[in-house]
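For reference, the chains in residue letters:
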Amino acid sequence: MSSTSKKVATDLQAKEEGPVGPVTILATNILGSDEMEELGYHHFPAENISEVWLNIYEKLGHQDKLTFSRTCAEWHDWVASKRTIQFFFQAASLAFGNLPGKEILQCRTLCRAWTEELGLLYQFLPVVPSNFYVPISASGSKSKEFSDKPTFRTSLRSIDKMKSFMADMEGHRGNPIPWGMLDLVRDVPDEEGQLTLIEKCRLSREYWTAAGMLLSKFGKYVRCVEFAFHEGDPGLPCIEFVDYFRNCLVSCPNVMELIIEDSSGGGWDDEIEEYVRLISLPQLKSLESLEIYGVEYDFADLILDYCCVPANIKRIYLDEHRIPQAVYCFSNLEILEVQQEELLYEDLILNFERFKVLEKIPPLKILEVEFSSELEEDEVPNLLDILTVVESFGNTLTGLNVRSSLSPVAFEEISGIRINLPKLQRLELQDYQGSLDLLVGLKSLTYLIIHNVDSTQSDPVGLAPFSGFEERIYESNIWKMVPSLKIIRIGQKTYRRQIYDQMWGEREPDAIK
Amino acid sequence: MALVRVISSDGAAFLVSQRLAKRSGKLKTEIETFRKSSDNSEAQPEIRIVTIRAEILRLVLQWLQQHQNDPVLPANQNEQDGRGDAEMGQSQWDRDFLAPMDLGIVMELILAANHLEVKGLLDITCKLVESKITGRTVDEIRTAFKLKSDFKGNEEEQTRLENRWCVEN
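What counts and how
Residues numbered from 1 in each chain as written. Chains lettered and ligands numbered in written order. Predicted model: local features only at pLDDT ≥ 70, side-chain atom pairs only at ≥ 80, totals over all residues. Heavy atoms only, no water. UniProt positions renumbered as here; feature names shortened; annotations may be inferred. Helix = DSSP H or I, 4+ residues; strand = E, 2+ residues; numbered from the N terminus. Salt bridge = Lys/Arg side-chain N within 4 Å of Asp/Glu carboxyl O. Buried < 20%, exposed > 50% of the residue type's maximum accessible area, 1.4 Å probe, protein only. Contact = heavy atoms within 4.5 Å. Core = buried A, V, L, I, M, F, W, Y, C linked by side-chain atoms within 4.5 Å. Expected span 1.5 Å × (residues − 1). Axes fitted to C-alpha atoms, helices over the stretch in contact; angles between N-to-C directions. Parallel < 35°, antiparallel > 145°, perpendicular 65-115°, else oblique. Left-handed = near helix turned anticlockwise from the far one by under 90°. Nonpolar A, V, L, I, M, F, W, Y, C, P; charged D, E, K, R; others polar. pLDDT = per-residue confidence, 0-100. 1 Å grid on protein atoms, 1.4 Å probe; cavity = no way out; pocket = protein on both sides within 12 Å on 5 of 7 lines; lining within 4 Å. Points joined across faces, edges and corners; volume = space filled by probe spheres on them.

- The name given to chain B in an unreviewed UniProt entry is S-phase kinase-associated protein 1, and the organism recorded there is Orchesella dallaii.
- Annotation of chain B in UniProt includes, under Sequence similarities (unreviewed entry), the sentence "Belongs to the SKP1 family."
- Quoted verbatim from the Pathway (unreviewed entry) field of UniProt, the annotation for chain B is "Protein modification; protein ubiquitination."

- Where an unreviewed UniProt entry is consulted, chain A appears under the name F-box domain-containing protein, with the organism given as Orchesella dallaii.

## A closer look at the UniProt feature "domain: SKP1 component dimerisation" (unreviewed entry) in chain B
- Feature annotation in UniProt places "domain: SKP1 component dimerisation" (unreviewed entry) on residues 119-166 of chain B, given in this structure's numbering.
- Spanning residues 119-166 of chain B, this segment combines 62% helix with 2% strand, and its end C-alpha atoms are found 33 Å apart.

## A word on the pattern of salt bridges
- Under the definition given, this model contains 31 salt bridges over all chains.
- A salt bridge links Glu337 of chain A to Arg315 of chain A, with the nearest nitrogen and oxygen atoms 3.1 Å apart. Taken as a pair, Glu337 of chain A in strand E8 (residues 335-339) and Arg315 of chain A in strand E7 (residues 315-318) lie far apart in primary sequence, 22 residues in all. Accessibility assignment for this pair places Glu337 of chain A and Arg315 of chain A in one class, buried.
- Between Lys26 of chain B and Glu30 of chain B there is a salt bridge, with the nearest N and O atoms lying 3.5 Å from each other. One end of the pair, Lys26 of chain B, and the other, Glu30 of chain B, are both in helix H2 (residues 25-37), four residues apart, so they sit about a helical turn from each other.
- We classify Lys26 of chain B as partly exposed; its relative accessible area is 23%.
- Given the relative accessible area of 30%, Glu30 of chain B is considered partly exposed.

## Quick word on the environment of Ile450 of chain A
Residues and elements named next belong to chain A.
- Examined against the element boundaries, Ile450 turns out to sit in strand E12 (residues 447-451).
- Ile450 sits 278 residues away from His172 along the chain, and the two C-alpha atoms are 50 Å apart.
- Once residues within four sequence positions are removed from consideration, Ile450 is found in contact with Leu429, Asp431, Tyr432, Leu436, Arg489, Ile490 and Gly491.

## Comments concerning the UniProt feature "domain: SKP1 component POZ" (unreviewed entry) in chain B
- UniProt marks residues 4-69 of chain B with the feature "domain: SKP1 component POZ" (unreviewed entry), using the numbering shown here.
- Annotation note: span residues 4-69 of chain B, helix share 45%, strand share 20%, distance between end C-alpha atoms 19 Å.

## Things to note about the nonpolar core
Residues and elements named next belong to chain A.
- In terms of nonpolar packing, the biggest core is built from 107 residues, with Leu184, Leu290, Leu336, Phe352, Leu383, Leu400 and Leu439 touching the most fellow members.
- In terms of residues, this core owes the most to one element, helix H11 (residues 197-218), which gives seven residues.
- Filtering out sequence-adjacent residues up to four positions away, Leu383 remains in contact with Leu406, Ser407, Val409, Leu429, Tyr432, Ser435, Leu436, Leu438 and Leu439.

## Some words on helix H3 (residues 54-66) of chain B
- Taking 1.5 Å of rise per residue, 13 residues should cover 18 Å, and H3 of chain B covers 18 Å from first to last C-alpha, within 8% of that figure.
- Of all the positions in H3 of chain B, only Ala54, Ile56, Leu57, Leu59, Val60, Leu61, Trp63 and Leu64 of chain B are classed as buried.

## Things to note about the packing of helix H12 (residues 238-250) of chain A against helix H13 (residues 270-279) of chain A
Residue and element names in this part refer to chain A.
- Where H12 meets H13, the closest approach of the two axes is 10 Å, and the angle between their N-to-C directions is 25°. It follows from the interaxial angle that H12 and H13 lie roughly parallel. Seen from above, H12 lies across H13 with right-handed handedness. Each of Cys238, Ile239, Val242, Asp243 and Arg246 in H12 lies in contact with H13, whose residues at this interface are Glu271, Ile272, Tyr275, Val276 and Ile279.
- For the contact of H12 with H13, the per-class residue count stands at seven nonpolar, no polar and three charged.

## Brief notes about the confidence of the model for chain A
Residues and elements named next belong to chain A.
- Here chain A shows a mean pLDDT of 76. Residues at 70 or above account for 75%.
- Here residues 1-43 scores under 50 on pLDDT; set against residues more than four positions off or in separate chains, the count is 68 contacts.
- Throughout residues 126-148 the model reports pLDDT below 50, and contacts reaching past four residues in sequence, or to other chains, amount to 62 contacts.

## A closer look at empty space enclosed by the protein
Residues and elements named next belong to chain A.
- A complete count under the given rule lists one cavity of 30 Å³ or more for this structure.
- Taken as a whole, the largest cavity spans an internal volume of roughly 40 Å³.
- If you trace the largest cavity, you find it lined by Leu348, Phe352, Leu367, Val369, Ile386, Val389 and Val390.
- Secondary structure elements with two or more residues in the lining of the largest cavity: helix H15 (345-356), strand E9 (366-370) and helix H16 (383-389).
- Split into classes, the residues belonging to the lining of the largest cavity amount to seven nonpolar, no polar and no charged.

Structure below.
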C-alpha cells in the first residue's frame, strides 16, 4: 500500500464513531480528491445537461443502466428515484423465487418496465440452464426445471378457449404468450365418447384448424409448445394430422422446446411416411429440447431427422424401447432420459455401447433410465453393471437416475473395482438394497437417493451392516468413505453430513470397523 | 490484527478486520487468493468491489458486524433448507436495520449481498421484498416501490388479459 493510502487508513480510524472492537469495521470514509483521481474517479463534464443524459438512460438496457448509475455520484443521484426499476431485473431473479405465481402475474400489471423485465426474466430461460439439476431441497422434492422460479404456460385446451383467447387478443400487436409456453393438449370432452366418428372428426378438425390460425399469428413468440393427439382424434386420417402438425411447426420458428404426445392410436404405414418425406417437416433452428411420448417410432425418427439441428439439441426424453439413430448425432446432448418399461436391459446396453464408439461422445450431464422390470432374476442388472455402462460419459456426467430396480451386488463381486465417474454428484436408485462400496470411488458424490425403500427391512446400506439402519445411519462409515457425500435420502427420510459431523466431530462412531 | 482494505465502486475505502470480512464468501475468496499470490505474509489485501457503491457496502459491513457471531450459512442454501431460515434468523435488530430503507436501496442490498455471498443478509432482504408484494393490491405495490403506471392505451388491460390465460406449471 502506498504511504498516502496508509495515512488515509489511519485518518479513517480516527473518524469512525462507536466502539472499535477486534472484529469491527475499523474505519470508513470517502477518499480525498487526490485518491479519487488515483481510483479512476473523475468528473464527467455532463452535469449541466442532465435531460440529455437521462434521455439516453431511458434507452439503455438494464445492464447499461446499472453501469450508467455507477459512472459517477452525480449520475447516480439523477436516477435514484428509478432504483426499483433499475435494479429490478437482477433483484427479481433473486427475490421472486418464493413468490406465488399469482403475485408474479400481478407484478406484470404495475408498470411497463416491470412487465418487460419479467418477460425477459422468465421467457428466455434456457431450456438447459446451468442449474438444471439442482440438489434436493429440505422437502426432498427435486426441482429440475428452473431453479425455484415458477413458470407459466398459456393453456388452450379446448376450441372454446382457443376462440375466446383469439377474441381477447384481437388487435394485440405484441406477444400475447408472455412466458413463451403454449399448451395445445386438447381436452377430450366427457360426452365425446357418445359422439359419432364424424362428430369426433369435426371437433378435432375444428381444434387443430384454430390452433394453426393462432400459431400463424402468434407462433413467432412461442418458445415451448406441447402438442397432444388423443384417442378422440383417430377418426382423422393420419395424413391430415401430419398436415396439422407440420403447419403448426412451420409457424413456430423460434421454438426451443417441443413436447409431442400421441395417444391417438392412429395407424402409420409406408404411405404416410412417404407423404412426410414428400412435404418434409420444418427445421427448427432454435430447438434444444424434445420430449416424445407414444409417437410411432418411424414418425419420431422423421421428427428428429427433419426438425433438429443435431449440434443444437441438448435434452431429449424418449419413452421408446430404443434410442433413435438421430440421437447419436446430437453431439452436444447434455440430458438424456429414456423411460420405457418394455425396454430390455440388454437393448439398453447395446444402445449405450454405441455411444462409446462415436467420434465425439456427447457431453452428457444427466442420464435417467428406466428399463423392463419383467426380467428373469439372473437377468436383472446390478449397480456395477449400470455404473460401468455409463462410464463412457465419465468426464461430464453429474447426475444418474436409475428408475428400475437393480439386483443386489455382493461385496466380493466389487472388491478392488473403482468406477471412473469423477464428476458424478447425484445418484438416484430404485429399491436398492445391495452394497454401496462402489461409491467409494466417486469423488464428487454429494447426494445419494434411494427411492421407495421399505424401511422395515434391514441393511439397505451395505457398508456397515446393522439392523434398524434408520436410527443408526449416522454410524455408517459411508460418511467417512465418501467424504463428498452431504445428503443421503432413503425413502422419505433425509440424513445429512452436518448432523453426522455434529454427532461425532473428530471421533469415529463405534460401529466403524 | 489482520486487516483488509475494501474499496467501493465510488472510491470509498473501508478498513475491515479480515475475520469480519471473511464472513462474506466473496471477500474470503479474495483474501485467500491474495495470500496465495503474495510473497509478504504481512501485506494488507486491497479488494475493489466495482459493482457496489459506498452507501451499500457500508450497510453490508454494518450487517456483518452485527451478525459477526452468527453461524455462517452456506451460500448455496438451496441444497440444505431453502430460504425458510430467513424469518427464523431475523432479529429485532434486522427489522430496525431494514425498516427505514427505501425499497430501491433494499434491491441494491440484495444484489450486494448476493455478489459478496452474504447469505443471511440476502435472505432477509429478499424476504422484505416478497413481503411488500405478497397479498398487496396493485396500488399498494406501486406505492411501496414508487412505481407509476405508465401503460399507454389499453396496454394494462391487455396485460391482465394475457395473465388470464397463464397457468402455473
